[in-house]
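What follows is each chain in one-letter form.
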Amino acid sequence: MKTEHKEYTITAYTEDYFGLISRINAIFSRRRISIQTFHVGPSETETVKKFIIVIRETEESVQKITRQMEKQVDVLEVHYHKNPHFTAMEYAS
């Protein structure tokens, strides 16, 4: 059975902690996963940072990554979803 790589967006909310970007990037590097986009900025809460990461992987791999990210001490919550715009383009072609 072939596992299909699709585009996923991972959103993580974290405490504002020095060095956390490197720790999160290391999770992807260890698994040899290429990050398509990586954005970090403020969230709705003043002391919380919001990470938005887009990758192209299998859902199983994305689930493992989100679980690994949640284990980081300074990560408050992590979500992922398949990009709907990309999916609509696949069906249109």
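Right above here is the structure, for reference.
Described in the following lines is the structure provided in the data block. (Residues numbered from 1 in each chain as written. Predicted model: local features only at pLDDT ≥ 70, side-chain atom pairs only at ≥ 80, totals over all residues. Heavy atoms only, no water.)

### Notes on the side chain of T9
Part 1 of the argument: On the secondary structure map, T9 appears in strand β1 (residues 6-15).
Part 2 of the argument: Overall, the relative accessible area of 10% leaves T9 in the buried class.
Part 3 of the argument: In this structure T9 touches I52, I53, V54, H79, Y80, H81 and N83, once residues within four positions along its chain are discounted. (Helix = DSSP H or I, 4+ residues; strand = E, 2+ residues; numbered from the N terminus. Buried < 20%, exposed > 50% of the residue type's maximum accessible area, 1.4 Å probe, protein only. Contact = heavy atoms within 4.5 Å.)

### Details of the nonpolar core
Part 1 of the argument: By size, the foremost hydrophobic cluster in this structure holds 16 residues, and its most contacted members are I10, I24, F28, I53, I55, I65 and M69.
Part 2 of the argument: For this core, the element with the most residues is helix α1 (residues 20-30), which contributes 4 residues.
Part 3 of the argument: M69 has contacts with I10, A12, I24, I27, F28, I53, V75 and V78, leaving out every residue within four places of it along the chain. (Core = buried A, V, L, I, M, F, W, Y, C linked by side-chain atoms within 4.5 Å.)

### Brief notes about α1
Part 1 of the argument: Looking at α1, one finds that the buried residues are L20, I24, I27 and F28. Looking down the long axis of α1, one finds its buried residues gathered within 90° of arc, a one-sided arrangement. Residues S22 and R30 are exposed on α1 and point more than 90 degrees away from its buried face.
Part 2 of the argument: Where α1 is buried, its residues meet β1, β2 (35-42), β3 (48-57) and α2 (59-70).
Part 3 of the argument: Positive phi appears at R32, one or two residues downstream of α1, with a value of about 55°. (Arc of directions from axis to C-beta.)

### Section: the sheet that holds β1
Part 1 of the argument: The 4 strands are arranged β2-β3-β1-β4 in an open sheet whose pairing can be described as antiparallel. Looking at the sheet topology across the chains shown, the edges are occupied by β2 and β4 (75-82). Looking at each pair of strands side by side, their axes are set apart by 15° on average, direction ignored.
Part 2 of the argument: As paired elements, β2 and β3 share 7 bridges and run antiparallel to each other. (Pairing = 2+ DSSP bridges. Axes fitted to C-alpha atoms, helices over the stretch in contact; angles between N-to-C directions.)

### Focus on the packing of α1 against α2
Part 1 of the argument: For the pair α1 and α2, the least separation of the axes is 10 Å and the interaxial angle reads 150°. Considering only the axes of α1 and α2, their crossing is right-handed. Counted together, I24, I27, F28 and R30 of α1 and I65, Q68 and M69 of α2 form the full contact between these two elements.
Part 2 of the argument: A per-class count over the contact of α1 with α2 returns 5 nonpolar, 1 polar and 1 charged. (Left-handed = near helix turned anticlockwise from the far one by under 90°. Nonpolar A, V, L, I, M, F, W, Y, C, P; charged D, E, K, R; others polar.)

### Remarks on unusual backbone geometry
Leave glycine aside and you will find that most residues have negative phi; peptide bonds, for their part, are mostly trans.
Part 1 of the argument: Of note in this structure, R32 is not a glycine but carries a positive phi near 55°.
Part 2 of the argument: The residue R32 is located in the loop between α1 and β2 in this model.

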